[in-house]
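Residues per chain, in single letters:
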Amino acid sequence: MQIQDNRVVSLAYTLKDDNNEIIDESTDGSFCYLHGASNIIPGLEISLTGKIAGDELSVTVAPEQGYGVRDDERIQSVPREMFPDDVDIEPGMQFHAQGPDGQNIVVMVSNVDEATVTVDGNHPLAGVQLNFEVKILAVREATAEEMEHGHVHGPDGHHHHD
Ligand code: ZN
């Protein structure tokens, strides 16, 4: 069975950056997603279309087809007093904030000095070329409920959730 929209794919993957560092990999041996529902980044989804169980492929995804390019406008300096006094603000901490269109975004503290906290709303993988090694393990039809929800309900489609 070929990978196409409204099919559930399970695969094993390793994701590396251009320095050959592993950024991410499938845990417990496999990762499931619903094809055609924007569950995964577009550059990877396009490359998987038409593949079948047993296929192995290397996919290189440019930032534009991955987590986007870095945008300096998403880096902001915020007065230290905007943060609670009793919290030690340190680089690497993440906060929920409102983006320019009112959407919820995660921002990461990139720098702290006495007066100012610099936060970066770019995705940590923005601007990074993504190098995937993928092995397709299984392909099945999605259930009607999975198609309606736009995501996978587990390997057999029967996982219940709220
Ligand atoms: Zn659901």
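Nothing here was measured: the structure is a model prediction, and the numbers come from that model.

*Asks:* Explanation requested: the pairing of strand 2 (residues 22-25) in the structure shown.
*Replies:* A regular strand places its side chains so that they alternate between the two faces of the sheet. Relative to strand 2, strand 1 (residues 7-16) runs antiparallel, the two being bridged by 3 bridges. By the bridge assignment, Thr14 is partnered in strand 2 with Glu25. Here strand 1 folds back onto strand 2, and the loop between the two strands holds 5 residues, one of which, Asn20, carries a positive phi near 65 degrees.

*Asks:* Would you mind going over the domain arrangement of the protein chain with me for this structure?
*Replies:* By a frequent convention, interface size equals the accessible area lost on bringing the separate parts together. When its domains are assigned, the protein chain resolves into domain 1 (7-67 + 126-149) and domain 2 (72-120). Inter-centroid distance (C-alpha atoms) of domain 1 to domain 2 is 31 Å.

*Asks:* Would you mind showing me how to read the pattern of salt bridges here?
*Replies:* Oppositely charged side chains can pair when the atoms bearing their charge come close. Applying the stated criterion across every chain yields a total of 4 salt bridges. For the salt bridge of Glu141 with Arg7, the shortest nitrogen-to-oxygen distance reads 3.1 Å. Here Glu141 is found in strand 9 (residues 130-141), whereas its partner Arg7 is found in strand 1, with 134 residues between them in sequence. Overall, Glu141 belongs to the partly exposed group, its relative accessible area being 43%.

*Asks:* Is there a simple way to explain the packing of aromatic side chains in this structure?
*Replies:* Centre distance and the angle of the planes are the two values used to describe a pair of aromatic rings. All told, the structure shown has 4 aromatic pairs when counted by the stated rule. Plain terms: the ring middles of Tyr13 and Phe31 are 5.7 Å apart, the flat faces sit at 80 degrees to each other, and that makes the pair edge-to-face. Of the two residues, Tyr13 sits in strand 1 while Phe31 sits in strand 3 (residues 31-34), which places them 18 residues apart along the sequence. Ring geometry for Phe31 versus Tyr33: centroids 6.3 Å apart, planes at 20 degrees, classification stacked.

*Asks:* Can you help me understand unusual backbone geometry in this one?
*Replies:* The general pattern is negative phi for most residues beyond glycine and trans for most peptide bonds. Even without a glycine there, the phi angle at Asn6 is positive, about 65 degrees. Of note, Asn6 is situated in the segment before strand 1. On the basis of relative accessible area, Asn6 is assigned to the partly exposed category, the value being 36%. Positive phi values are uncommon outside glycine, yet Asn20 reaches one of about 65 degrees. On the secondary structure map, Asn20 appears in the loop between strand 1 and strand 2.

What counts and how
Residues numbered from 1 in each chain as written. Predicted model: local features only at pLDDT ≥ 70, side-chain atom pairs only at ≥ 80, totals over all residues. Heavy atoms only, no water. Pairing = 2+ DSSP bridges. Helix = DSSP H or I, 4+ residues; strand = E, 2+ residues; numbered from the N terminus. Domains from an automatic or database assignment. Salt bridge = Lys/Arg side-chain N within 4 Å of Asp/Glu carboxyl O. Buried < 20%, exposed > 50% of the residue type's maximum accessible area, 1.4 Å probe, protein only. Phe/Tyr/Trp six-rings, centres within 6.5 Å; stacked < 30°, edge-to-face > 60°.

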